[in-house]
Amino acid sequence: MTSVYYEFYRGSSIGLALTDSLDELITSGAITPQLAMKVLQQFDKSLANTLVEQVRTKVKTKVTGKGHSKWYRLCDEVWTFIVENPTFKMESNEVVTASKIKVVACKSADAIEAGT
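Residues numbered from 1 in each chain as written. Predicted model: local features only at pLDDT ≥ 70, side-chain atom pairs only at ≥ 80, totals over all residues. Heavy atoms only, no water.

### A closer look at the pairing of strand S2 (residues 78-90)
Judged from the 11 bridges that link them, strand S1 (residues 63-75) and S2 form a sheet pairing that is antiparallel. Of the residues in S2, the one forming a bridge with serine 69 is valine 83. Between S1 and S2, which pair antiparallel one after the other, the connecting turn spans 2 residues, and aspartate 76 there sits at a positive phi close to 50°. Bridge count for S2 against strand S4 (residues 100-106) is 7 bridges, and the pairing is antiparallel. Bridging across to S4, valine 78 finds its partner in cysteine 106. Two elements, S2 and strand S3 (residues 95-97), share 3 bridges in a ladder whose sense is antiparallel. (Pairing = 2+ DSSP bridges. Helix = DSSP H or I, 4+ residues; strand = E, 2+ residues; numbered from the N terminus.)

### Remarks on unusual backbone geometry
A positive phi is found at glutamate 77, a non-glycine position, where the angle reads about 60°. Tracing the chain through its elements places glutamate 77 in the loop between S1 and S2. Phi at asparagine 85 takes a positive value of approximately 50°, unusual for a residue other than glycine. Relative to the helices and strands, asparagine 85 resides in strand S2.

### Thoughts on a nonpolar patch on the surface
Residues Phe8, Tyr9, Leu51 and Val104 make up a contiguous nonpolar surface patch of roughly 310 Å² in combined accessible area. Turning to its location among the elements, tyrosine 9 is positioned in the segment before helix H1 (13-27). Take tyrosine 9: its relative accessible area is 33%, and that puts it in the partly exposed class. (Patch = residues over 30% accessible without salt bridge, like charges linked within 9 Å, V, L, I, M, F, W, Y side chains within 5 Å. Areas by Shrake-Rupley, 256 points an atom, 1.4 Å probe, with all protein chains shown as cover. Salt bridge = Lys/Arg side-chain N within 4 Å of Asp/Glu carboxyl O. Buried < 20%, exposed > 50% of the residue type's maximum accessible area, 1.4 Å probe, protein only.)

Purely geometric stuff here, so don't read any function into it on its own.
Put into structure tokens, the structure is as follows:
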């Protein structure tokens, strides 16, 4: 079964740099567009798997958050929330605030593969 990975990280600085480099290679004839797509798919997979592994092994902090949900939506099984005036309280009692945050939540690749 082929895995499906979200393309969120293509908009990050490293994802944009990769996309620009691939565009230059396609334009110069060094690679085909099909190869560039395979590279981007591998980027999506590698970044998602790396982040999951880092969170599993290194993030052990509990956080409590409050805020006002400005709006939310569900599209293609991806939830997006805009929260205004969020306040996060860490285990260490440190408080972090912002004027607005965007939260994007989606199924993990494991859940997608399992069909849940």
